[in-house]
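Structural overview for review
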Amino acid sequence: MLFIGTSLTAGYGLEPEQAFPALIQAKIDSAGLHYRVVNAGVSGETSAGALRRLDWLLRQPFAVLVLETGSNDMLRGAQLDSLEANIQAILDRVRSARPEARIVLVGMRAPPNLGLPYASRFRRVFADLAERNDVAFVPYLLDGVGGYDELNQPDGIHPNAKGQERIAENVWKVLKDELRE
């Protein structure tokens, strides 16, 4: 199982075993499922960066891909058409290289200070891509974490260990069904 993502996936500021992909591995093991999690999260990565390193990542064996990208695009005010095109290209290339792989797309939200039109469209990009590509969808990675000081590091952006536990629950709700199919 390959997790492609940003610092949120990489577990920025935490020990590797505290990042949500490692916590997902523990859930997989407890469920008696036979998957090995590979955390390919990179701090600061944009959707364009994920697309650029995809060929290398596709060399790794995986049956399930969890794709979390776009938060750094949003923080940089990237054009949403570019974000959507990059994620679509990732999905297309994964499907072409691994048609049997199951894909879970992870959604994000933009804060309203970027403007309600941008925030609304940003949120829809992920839902639209999931529907159009018929992939499993986690609507919001940071559900119950974003905006809660006690679940984030002092920077207010990156989840702490407790926040990562909540993120693991958010992803597991969708992922567990994909693993049992």
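Residues numbered from 1 in each chain as written. Predicted model: local features only at pLDDT ≥ 70, side-chain atom pairs only at ≥ 80, totals over all residues. Heavy atoms only, no water.

1. Some thoughts on the packing of aromatic side chains
We count it as follows: Ring geometry is summarised as follows: Phe, Tyr and Trp rings, the Trp one being its six-membered ring, pair when their centres sit within 6.5 Å, and such pairs are stacked at plane angles under 30 degrees, edge-to-face over 60 and tilted between the two. Helix and strand assignments come from DSSP, with helices taken as H or I runs of at least 4 residues and strands as E runs of at least 2, each series counted from the N terminus. Per-residue accessibility, obtained with a 1.4 Å probe over protein chains only, is compared with the maximum for each type, and a residue is labelled buried under 20%, exposed over 50%, and partly exposed between these values.
Scanning all chains against the criterion turns up three aromatic pairs. Ring centres of F3 and F20 lie 5.7 Å apart, and the angle between their planes is 75°; on these two criteria the pair is classed as edge-to-face. With F3 in strand 1 (residues 2-5) and F20 in helix 2 (residues 20-30), this pair connects stretches of sequence that are 17 residues apart. As far as the burial class goes, F3 and F20 line up, both buried. Summarising the aromatic geometry, the rings of Y118 and F122 are spaced 6.3 Å apart at their centres and angled 15° between planes, so their arrangement reads as stacked. Here Y118 and its partner F122 are both found in helix 7 (residues 116-133), four residues apart, which amounts to about one turn of the helix. Side by side, Y118 and F122 carry an identical accessibility label, which is buried. Taken together, the ring pairs in this structure connect Y118, F122 and F126 into an aromatic cluster.

2. Structural notes on helix 7
Defined as follows: What a helix should span is 1.5 Å times the count of its residues minus one. Whether two residues are in contact is decided by their heavy atoms: any pair within 4.5 Å suffices.
With 18 residues, helix 7 should cover 26 Å at 1.5 Å per step; its first-to-last C-alpha distance of 26 Å lies within 8% of that length. Every buried residue of helix 7 is accounted for by Y118, A119, F122, V125, F126, L129, A130 and N133. On the buried face of helix 7, the contacting elements are helix 5 (71-75), helix 6 (80-97), strand 4 (102-106) and strand 5 (136-138). One or two residues past the end of helix 7 sits D134, with phi positive at roughly 50°.

3. A short note on the sheet that holds strand 3 (residues 64-68)
Heads up, the condition is: Two strands qualify as a pair provided DSSP detects at least 2 bridges between them. With axes taken as lines fitted to C-alpha atoms, and helix axes fitted only over the stretch in contact, angles between N-to-C directions fall between 0 and 180 degrees.
One open sheet holds the five strands; their spatial order is 2-1-3-4-5, and the pairing between them is parallel. Whereas interior strands pair on both sides, the edge strands pair on one side only; in this sheet they are strand 2 (38-41) and strand 5. Strand-to-strand twist across the sheet, computed as the mean angle between neighbouring axes with direction ignored, equals 15°. Direction of pairing for strand 1 relative to strand 2: parallel, over a ladder of four bridges. Bridged to I4 within strand 2 is A40.

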